[in-house]
Each structure stands twice: as C-alpha cells, then as structure tokens.
There are 4 protein chains.
Amino acid sequence: MEKGICIGIIGAGRIGRLHGENIINNVPNSDIRWVCDRYAENLGDWCSSIGVKNHSKDYRDVINDPDVEAVLICSSTNTHARFCIEAAQKGKHIFCEKPVDLDIERIKLVENAVEKAGVKLQVGFNRRYDHNFCRARKLIEEGKIGRPHVIKITSRDPEPPHAEYVKVSGGIFLDMSIHDFDMARFICGSEVKEVYAKGTVLIDEKIGKAGDVDTAAVLLAFENGAIGIIDNSRKAVYGYDQRIEAFGSDGCIEVANDFPNTAVLSNNEAVYRDKPKYFFLERYRQSYIDEIKSFVNCIVNDKKPEVTIKDGLNSLIIGLAAKKSWQEGKCIKI
Amino acid sequence: MEKGICIGIIGAGRIGRLHGENIINNVPNSDIRWVCDRYAENLGDWCSSIGVKNHSKDYRDVINDPDVEAVLICSSTNTHARFCIEAAQKGKHIFCEKPVDLDIERIKLVENAVEKAGVKLQVGFNRRYDHNFCRARKLIEEGKIGRPHVIKITSRDPEPPHAEYVKVSGGIFLDMSIHDFDMARFICGSEVKEVYAKGTVLIDEKIGKAGDVDTAAVLLAFENGAIGIIDNSRKAVYGYDQRIEAFGSDGCIEVANDFPNTAVLSNNEAVYRDKPKYFFLERYRQSYIDEIKSFVNCIVNDKKPEVTIKDGLNSLIIGLAAKKSWQEGKCIKI
Amino acid sequence: MEKGICIGIIGAGRIGRLHGENIINNVPNSDIRWVCDRYAENLGDWCSSIGVKNHSKDYRDVINDPDVEAVLICSSTNTHARFCIEAAQKGKHIFCEKPVDLDIERIKLVENAVEKAGVKLQVGFNRRYDHNFCRARKLIEEGKIGRPHVIKITSRDPEPPHAEYVKVSGGIFLDMSIHDFDMARFICGSEVKEVYAKGTVLIDEKIGKAGDVDTAAVLLAFENGAIGIIDNSRKAVYGYDQRIEAFGSDGCIEVANDFPNTAVLSNNEAVYRDKPKYFFLERYRQSYIDEIKSFVNCIVNDKKPEVTIKDGLNSLIIGLAAKKSWQEGKCIKI
Amino acid sequence: MEKGICIGIIGAGRIGRLHGENIINNVPNSDIRWVCDRYAENLGDWCSSIGVKNHSKDYRDVINDPDVEAVLICSSTNTHARFCIEAAQKGKHIFCEKPVDLDIERIKLVENAVEKAGVKLQVGFNRRYDHNFCRARKLIEEGKIGRPHVIKITSRDPEPPHAEYVKVSGGIFLDMSIHDFDMARFICGSEVKEVYAKGTVLIDEKIGKAGDVDTAAVLLAFENGAIGIIDNSRKAVYGYDQRIEAFGSDGCIEVANDFPNTAVLSNNEAVYRDKPKYFFLERYRQSYIDEIKSFVNCIVNDKKPEVTIKDGLNSLIIGLAAKKSWQEGKCIKI
C-alpha cells in the first residue's frame, strides 16, 4: 500500500481549504492532523466536514505536534517566511504557497533555515503540474523542438482584482507575471539574464492610480540564448487564457486552453463552441492535486522536490526586475 | 450541509470498486455501509483501504441491513434481476449496472417489483453524464439544432474482448452498441421504431467463430422521423473513439473525443498531437462520479432518476432487434 | 513548354462556362476553338469576353472541326450519351459531365463507342480532385490506415432544389448520393456489392410529393469487406457539408470541411468562427481546374483517364440499387 | 463589363512575373502592354507565353508609352524611388513593391512627386489582402474585440536567406519584420510611437557575422495605448508561420496558419496532419491577386489606394527604429 504522511495546514483560506480537500479525497493514506487559521470563521465546521479532528487559531499547535511530518503554509504572504523558518526549526517538511516572500533577503533566510534543518521545501507553483504544460516540457526534454529559440506565454485573468489588492501584492509583475516567469524558466530549462517590461492601464483606472498597470508585456533573454515573450492582462472577457508556445531549431509546441467540453455547434450564422474553462480553479484543478501528491511522494521516498525555493527566489528576482524595467523604461540585467 | 445516504455495494469487481472509490472521494456525506462479493479476493483489504467497515460474501447481509437505503448492483449480469427484485422487496433504492438483464421478460419483472415497492431504480448508462454528450443534449433541448434529422454515433473500443466474452455477453449489439442505442435515444429525444444492422468480421476471426461480428453499422428510424446511424468497431488502434453528431433543421452539433492534453507539435515532417484518452476509465471518469451523485440526489430529494429501467429495457429491445436484423439481413420493426 | 490541346465545349450553362474560364485562365497552351449551346443567350458576348472566336447553336460544328482534339460535354443529361457517341465516332477525346446517363444500357453504348474509336473518355467526378479527398486517398494507398473497415461520408447541400428538379434528376440517390457512391469507391478502393438505403422527408414536403426524399442514409457493403455509411441532406443551414472518414485496421483519417478563413473570435459569450465554404463552387473550385488539367494531361501524354466511364457506370448502378432499396425497404445485392 | 487598364511592368524577376501572370489570368479586361527588365534572360519567351507583345531592357519604353496607364515597379529596391518619380512625372499610376526605399528622405521625394503629379501610388504590402488577416481586421472594425489592448504577430520563414542578402536588405528588421510592422498598424488601426527590439543569432552564424540577427522580438507601443508584440525567425522547420492575435476589451481574435488540406490521421502513435503551407507563394497566393485587383479598381473608379506611400514610410520608420533599438539596447521613441 502506498505510504502517506501526517500533515498540518497553516492558513485555511481558499487555497488552504482546496489543498485540504484534495488531500482527503485524492492523496491516499495521508492524514491531516491539524488545521490552523487565526481569522477563519467556522473553521471547526469545515474541519469536521472533511474529517479533520484538530483545529486551532495558533500555528504553534501545528508545528509543535511531534506527529506532524509536514506543514502546508497557506497563510498570507507576509507570514510565509516566519512560518517556514519556525517549521523548519521544528524539523517539519514544508509546502509553501507562492510567493515565499516579496523580499529577496527574507527568502534567503528561509533557504538557510531549510538547508540547516535538512527538511524539504516545495514552492506552490502548481502550473508546473498542469497536464498541458507538463506535456510540453516533456516533449522539450525529449529534444522534440531541438534548441529553444523563443518561449511565448499568454496569461490573462477573467477579472481584475480590486485596486486595493495590487497595493499590497506588489503589482502585476509580482502577483501575476511571476507565475509566468517560473513557467518560462521551467519550459525553457534556462535562467533569465535580462528583462524588459512594458505596462499600461487599459482596463481599470483605479489600478493605475494604485501605481500599477493592468496590461503588460515582458521580453526575457535566457542564458541559453532563447528569447522569452510574456503578455498579461487582468481581464479577458472570454475567461482564463493560459497558453504557451515553445519554438526551437527542430520544431514548435503550442499549448492551447482547456475547454469544458468538445461540443461544436454550426448554424446559419457561425460555428460556435463554449468558452475556455473560467478560472484557475477549473483549469488547474488537477494540477493542485498533483503538486500535493508530488510533495508527499518526495517526503515518502526522500526525493528532492520538483519546485524548490530557488525557483521561488529566481522568479521573484525576475518579477522585481520587470517592475523596475517598467518603472525606468529600460532593460534590466540580472 | 448537503445530505447523503447509506449505501451497500453488491459486486466488488472493477466497476463496483470504481463506484465505491468515487462515493468515498466525491459524494459528500454518503456512507458505504456494506460491500459484498461472493468471489473477490482481498475484499477486506480493499474495504479497509477506503474506510468501509463491513464486508461479506452474501448479498443478503447488505439488503437485510435496515440502515442501508440504497444498493449498487455491480455483480455479473445474470444476477442483476434477482438482486434488484430482492432489494426492491426490502425497500432499497437501486442503482443497477447495465444491462439489467438480457431477457425482456425478466426486466419487466424487475420493473414490476420496483414499482410495487415504490423504490427508485437507476440504470448505469453513465455516458449520459459525459460532459460532452450532456452539453450536446442541452443544446438540443434549447432548440439549437431545431428538429433532429440525423443522429450519428461513432463508438470504437481500443481492444477487442476475448472471443469467450462475446459468447456470454450476447455479442456486439448487446454488450457494446447497446450504450449507443441508449445514447441515440437520449440525444434524439425519441424512441426507435425500426432497425437495420450490418455486421462483419474484420479484426478477429475467433469472434466470428464465436458467432459474433467485430465491425458493425446500424441504421435506426426514430418515431420523430429522424434517422440514426451508429458505427462500432472492437478495435481502434488510436484508442477509445466516442463521438456523436446531431444534425437538424437549424444546425448541427459535433462532439469530438477528449484528449489528455492540448499540446501540438509541429516539426519538419508533420503536425502532431497525442492520441485521444485511452479507454472508458479515462474518458468517462467524471461521468461515473456524476451518475452516482445524481442517483444520491434523487433519493435525497425524492426525484425520479434520470436513467430509468425503461431506458434499460428499450435499449435492450433495440439491441435484440439489431442482432436479429444482422442475422436475417433485413429491417426489423419494433 | 507544356503542351496543350484544342478543345470544343458543348453546352455553355453554368458548368460549361466554369470549365471554359478555367481552361483559359489555368490550363496553359490549351485553346478553346468552339463553344456551342442550343439555348444560351448572349453566347457570343461570353465567348468574346474570354477570347473564344467560334460559337454556334449546333454541336456538329464542334465535332466536325478537324482541329478539335477533345470535347467537353456539358449539356443536359439526356443529350450526353448521344453527343459522346457522335464525338467518339469523329475521333474526339471526351470529357463528359456526370451522370453520363441515367440508363445503364445507354452508358454501355457509350462505352462501346469510345472503345471502338480508341478515344479517351473522362467522367466529371470532380470531387476526386479535391485537395482533401485526394490527400485521404493517398494516405490510404500508402497503407496508413491498413485494411479499410469503415468508410463514412457526410454530404449535405445548403439548399434543397426545386421539387420539379427531382422529378427529372432521378431523385436524391441519383443526383446527389451518386457523387458519394463514387467517392466511397474511390476512397475504399473496392467495388460495392450490397446496398441498403433509408430515406425520409423532413425538409420540404413538395419533394415528398414529387416522389423523392430529402434526407437519406445508405449502408454499403464493399467487396473487400469494408462497410460504407453515407448520409445526405438537401439542406444544411450552415452551408455545404462535405466530410469523409476512413477507418481501418491501422488508423483512421478524417477530412473536415474547408473554411473561408482561420479567424476565431472569443468573447464573453462563446468562441466563434465563420461557417464553412458555402457551396460547391467555393469548396470544389480548385478541383474543377485540376480535373481538366488532368484530362488534358492524359491526352497530351497518352495516359488512361483517372475517372473512367466504368466509374460513371458503377456509381449509377449503386444509385439505382439505393433507390430500389429505399422503395422496397430491403437490402439490394449488386 | 468590368473595366480594365493598360499596364506596364518594370522588373520581371519572381515577383514581377507573378504579378504579370496574375493580371493575365485573374484581372479581367486589363492588359499588359510592356514588360521591361534590364537583366532578365529569356524575357521574350516568358512574354509570349503569357501573350504580352512588347518587351524591353529600358524602363523608359514603358513610361513613355502614352497608352500605359499604370506601372508595376518590381525591380530591385534601389531603383524603386527613381522609377516611381519618373513614372509619376509621366502621369502614370504606380504600384510599387515594398520597400519603396530604405531611406526616409527618398521616400518623401517619391511622396512629393506622386502628390504633385496627382497619380495614385499603392505599396505592395500584399498581406493586407490575405483572407485571414482581412477577416480579422474586419471583425475589429466591427467592434468585435472592443478597444485593442494587445496585438501579437508571429512571422517565421521556412529557410534563412544567404548572409549576403542581409548585408544589402538592411537586415531582419527591414526586410522581414517590416511586413509585420505594417500588419500591426493595419490590425491595430493606430500608429506606433515607441519601439523596443531584441535580436539574437541562433540559426546561422554567418548572419551574425554579416551584422544581423536571425531571431528577434519587438515590443511596440501604439498611440491608442495598445501594446504590439512581434516575434520573427528566419527558420521554422515546419514551414511558413504567419499568425496574428488581437486582444481587446471585448474579445480576442486568433488567426491560425493555412494548411494544404484538412486530412487528419490517427494511428497507434499519435494524431497527425500535414504541415502548414510552405511559403509565401502558397500562403499568400490569393492576396497577390487581390492586391492587384484592388489597385486596378482604384484607378478605374478613381479611389484612394488602400495601401499608401504613408504605409510604406511609417513601416520603414518603425523598422529603422527597431534596428536602432536592437543595436543600442534601449527603447526608441518615434
């Protein structure tokens, strides 16, 4: 029988609950020992609905339980580093939602703590587990496109966030494009050495007033010579748009969106199909399950996580460079 | 909180276990009280792996437990009718795998028993819950194709069964096309009044020697005037091929296969994508979950099941007519 | 320089003029010496607009001109056989529009006359030159699907003809399905030995009153064991629907419709594209050019035409069998 | 009857002959009076093969013939400006292949000459007549995507030119991207105000030694606020890759490549289709016909050409800015 682990969840907002339910329903033999959240209402009800016995407002209850082997850190970004460091000191393996932090130095502190404690840390870049992007990466690893020349990523959300959100999130390059920076590194198999970003406000003036943009394009130069092109929008009326293209010396891979069904209607006006899957909960549903399975598997079989703190760190560095490039109107070397 | 029910499973082969795991993982608040199987090895291990406490070799343990509200009958076809009738007599709601029986009269006995007992019976035509076919049916109900003129179904398996199997299954028209007959009725929204079938042996001579065919085409005439066209093959080298087309006075709907991913590779030879999902466990995975959810929902909310014994009966009648048509080389009226 | 031939056109209706313009614009070094039409108004204007010097009301002017090497017979069906025979007797090569005739015996007379005269005769089944169907046939010849098991053809017109037309055309099986019968033979690479047809009136009652149907399905049994399935409709609201599928032991080829462009629009309601090309003049435009080029090439290089009178004859035989099968409600052996 | 014009062609290389044949075969009632080429061998043979009576080595024979209403200037780029100016002075309408010149001042001299003479000048940006891009532009004009936010163009050739070519062509931004700059302006309906270009050598080192790049990406800022993203490669192994995407406030249009046929093969390994059309002669075949028809139509009906010298000029300005941006590594304002 497949082995499981004993898990504690810190932070029971939308993403923490998603992980909790995925573990209960899809990760055989793993057990959620604790859920803690300082603010969540009705935490006990949710816990009993999924069969979790212990809940608390204090994260220390989780990391102090000697049975807990791993913690999922799903609290707000500003608490990630602290919880990571303390959990590592208690010898817990860590799954940390992205971003680990918005400050490079603090991420390095986490990196040190994790190394010193000899625990594993996986960063929640779930898109790497998406069936489409995984397949693209595998084809590239098999040499199907030869040497990568151009990596293109289109990433558009169905609805913009509140302007208040972008004030604390670090802005589009740090809360949205950062996923694409990680994806670009993953697909290209190389690090970024140069960033040029262009941004503009076309959707919501309040976002502009909050000091951010809602439409952006970023050019990347990779160490292996490839060029990366990312375009982001806070609002695609047709839903979540998540596509990539990897062009190389021997071929090109295109990954299209997922659709809720394959039905196509032809009538006297046009040919129709339903819009793509609406947002990340639909599109990336399976990837959230697979990333947690992968994390558990790393612990059970003592393997290195597939998404490390270095991935979190390097994507943040690109995000900060993109922001700076946009602000200063020039290319930033990393 | 969503209400659930207390369930017993009779028959723990592949499909019984699939339903069991789907209930545990995806049907909130429902509980599997009993699993029984006369022959299954390691039944206890499987039960404990999914948290089911009671198991037995005797189906009477299941239907005699007063807490059990509904039974899933997943045993071999020749036991379905008997188990259905006895379960109905004990006041249990019934989910019965298809076919209910291969004999029309015996199905009518089940129908009577169910009616008399006032319990619900749902037949396991899971494909009606497929996201693609559901969407097609919904568009048709909304009038998007107007009046149906032609319903086409392509249904091909990736591998032929053993010749031994077709001797007991009733043959291709009763073990394979029968799904398509039900689907044709579902999509067209009308009953079949006439059947012409053509069959041939092109894949495996042993199937021919066993008195069956491995490649078939069936023309249906519906009461509403539409024509149905079904083609079946026991072996499509590219995997499971499950498509439909509904053509009418105001439009046409085509439903394509599902694919494991959207990645498309272009190289110096051609443009490629991966083959469709391999077989029914992949293609119809969600439909199995959704049919059980629907069954539970009918019981909890006292609604009529969406797939009734009449659906099982009428599809069997078409299957028997198709077989006769093939054998006699002429059109059979129903 | 590519050699051309000297051509006379008999019949300057829509299809005769199409061929005329195609020759002028696309068949280098061939020359149209004569155009004749008994009834066409403004024949002289059209001739001078394309640079043809001679026109006449009398077909004998064409076949008596010793410079004319080949004639295109594009007049009404009932004159085809007679013009073919006389042209053959004058030693002219013949391109004859389909059907050569609706009577089997008269086609055989043409066949004899052509053989005796040692001239070439090509029948105007232009769809064999369609880029999509050609490609499918080539893949099959290369063995890409292995042995053919099932050939499916969907063929739907955008608008029904007048009921008057079906009275003289021989009905749907002889004026419409006959193209599909030829295509089925072409794609399958085998002759048909058995036909079962089903027809119904769902579009225009006047067609029913004229003794015909407007919606039909035909099952074919081929000599090589494959099954053919054809569905026809006189009216597809979305335009001309011309698709085929060839399924075999080693694979399956699907040929989709052609579209006027590849633009796809996604908005807040759905994903759209334009309807397929409207009718045969758009869809089969290039095939008309290519069939005439092929005809000229056969004459210049003394090769056997790719579409012979046998193709015309055998497709007619299937058409007559289909009509009989529909009328008598039973399978017809050929 | 549609009116035509009397035309002279200056320059009978590949593109001049293409236009000549298109006029003969597809532009009714227009007449090619002269073809001139200083260097072309066998010019007389080609002329007589298409029925053109006069040919010369001297362009003055063309512009001095009082019957000639319009000239097509298809000679080498460095002669364009001079021939345009002299033709204008002789009162001839002008169709000039792109680029008009590589020098902004010389283009302005042409502009002045044309204005002073009151003749029409159309620049040969044929892609504007492509059925796919036209359809996209029309949808945008109809407001289907609302306000444009992001315009993306992928443009890749199947084979790199000789390194010698890029030395005289001005390099990738001036001989290749310039088409995309015009397309971006056309699709977006706005002028470019800022350019950032990134280029690299990944395909052929000789191109690098010749002072150019073979892989490039360009970010554009439009006056209407939209962002443009262009990526170019000199070598796509799968053929000619010409796609655009226009994303806006109310929707998104994607234009895919054209394929030679719609046949799709599924076998036990994958699902295949043929590669896209190989190069511009296949992909843009109809657009070359349609641009000349449009030019003739402008003259016959005294309308303004759809692609003016301003389009040629502004695209050149972007091209020069892109080259400078790549060389200096910074954003260039226009």
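Refer to the structure presented above.
The rules behind these values
- Residues numbered from 1 in each chain as written.
- Chains lettered and ligands numbered in written order.
- Predicted model: local features only at pLDDT ≥ 70, side-chain atom pairs only at ≥ 80, totals over all residues.
- Heavy atoms only, no water.
- Helix = DSSP H or I, 4+ residues; strand = E, 2+ residues; numbered from the N terminus.
- Buried < 20%, exposed > 50% of the residue type's maximum accessible area, 1.4 Å probe, protein only.
- Contact = heavy atoms within 4.5 Å.
- Polar contact = N/O pair within 3.5 Å; in protein donor to acceptor, adjacent residues only side chain to side chain.
- Least-squares fit on C-alpha atoms with pLDDT ≥ 70 in both.
- Buried area = accessible area lost by both parts, 1.4 Å probe.
- Salt bridge = Lys/Arg side-chain N within 4 Å of Asp/Glu carboxyl O.
- Nonpolar A, V, L, I, M, F, W, Y, C, P; charged D, E, K, R; others polar.
- Pairing = 2+ DSSP bridges.

**Student:** How would you summarise the environment of D:Asp214 if you had to cite specific residues and measurements?
**Tutor:** Residues and elements named next belong to chain D. You can see Asp-214 is positioned in the loop between helix 10 (205-209) and strand 9 (215-222). When its relative accessible area of 0% is taken as the criterion, Asp-214 is described as buried. Along the primary structure Asp-214 and Leu-202 are separated by 12 residues, whereas in three dimensions their C-alpha atoms are 6.6 Å apart. Dropping the residues within four chain positions of it, Asp-214 is found in contact with Ile-172, Thr-200, Val-201, Leu-202, Ile-203, Asp-204, Ile-207, Asn-232, Ser-233 and Arg-234. Of the polar contacts made by the side chain of Asp-214, one reaches the backbone nitrogen of Ile-203; its length is 2.8 Å.

**Student:** Go over the side chain of D:Asp258, please, and point to the residues and values.
**Tutor:** Structurally, D:Asp258 is set in the loop between strand 12 (251-255) and strand 13 (263-267). In terms of polar contacts, D:Asp258 uses its side chain to reach the side chain of D:Asn132, at 3.2 Å. Non-local contacts of D:Asp258, meaning those with residues more than four positions away in its chain, are made with C:Thr262, D:His131, D:Asn132, D:Pro276, D:Lys277 and D:Arg283.

**Student:** Can you break down the relation of the copies chain A and chain B residue by residue, with the values?
**Tutor:** With an RMSD of 0.0 Å, the fit of chain A onto chain B corresponds to turning through 180° and sliding 0.0 Å along the axis. Here the symmetry operator amounts to a two-fold rotation axis. Scanning chain A for the C-alpha nearest the rotation axis identifies A:Asn25, at a separation of 2.3 Å. Comparing interface residues between copies, 100% of those in chain A also lie at the interface in chain B; the contact surface is shared.

**Student:** Could you give an account of the interface of chain A and chain B, naming the residues involved and the relevant values?
**Tutor:** Counting residues at the interface gives 29 residues for chain A, matched by 29 residues for chain B. When chain A packs against chain B, close to 2,100 Å² is buried across both sides, 48% of that on carbon and sulfur atoms. At the surface where chain A touches chain B, the tally comes to 2 salt bridges. Where chain A meets chain B, there are 11 residue pairs in polar contact (both at pLDDT 80 or more). For the side of chain A that touches chain B, the residue count by class is 11 nonpolar, 11 polar and 7 charged. As paired elements, strand 12 (residues 251-255) of chain A and strand 13 (residues 263-267) of chain B share 5 bridges and run antiparallel to each other.

**Student:** Before we move on, could you go through unusual backbone geometry and cite the residues and values that matter?
**Tutor:** Across the junction of A:Lys98 and A:Pro99, the peptide omega takes the value -10°, indicating a cis bond. Structurally, A:Pro99 is set in the loop between strand 5 (93-96) and helix 5 (104-117). Notably, C:Asn29 is not glycine yet its phi reads approximately 75°, a positive angle. Summarising the element assignment, C:Asn29 is placed in the loop between helix 1 (14-26) and strand 2 (31-36). Taking the relative accessible area as the measure of exposure, C:Asn29 reaches 36% and is therefore partly exposed.

What is shown is where atoms sit, not what they do.
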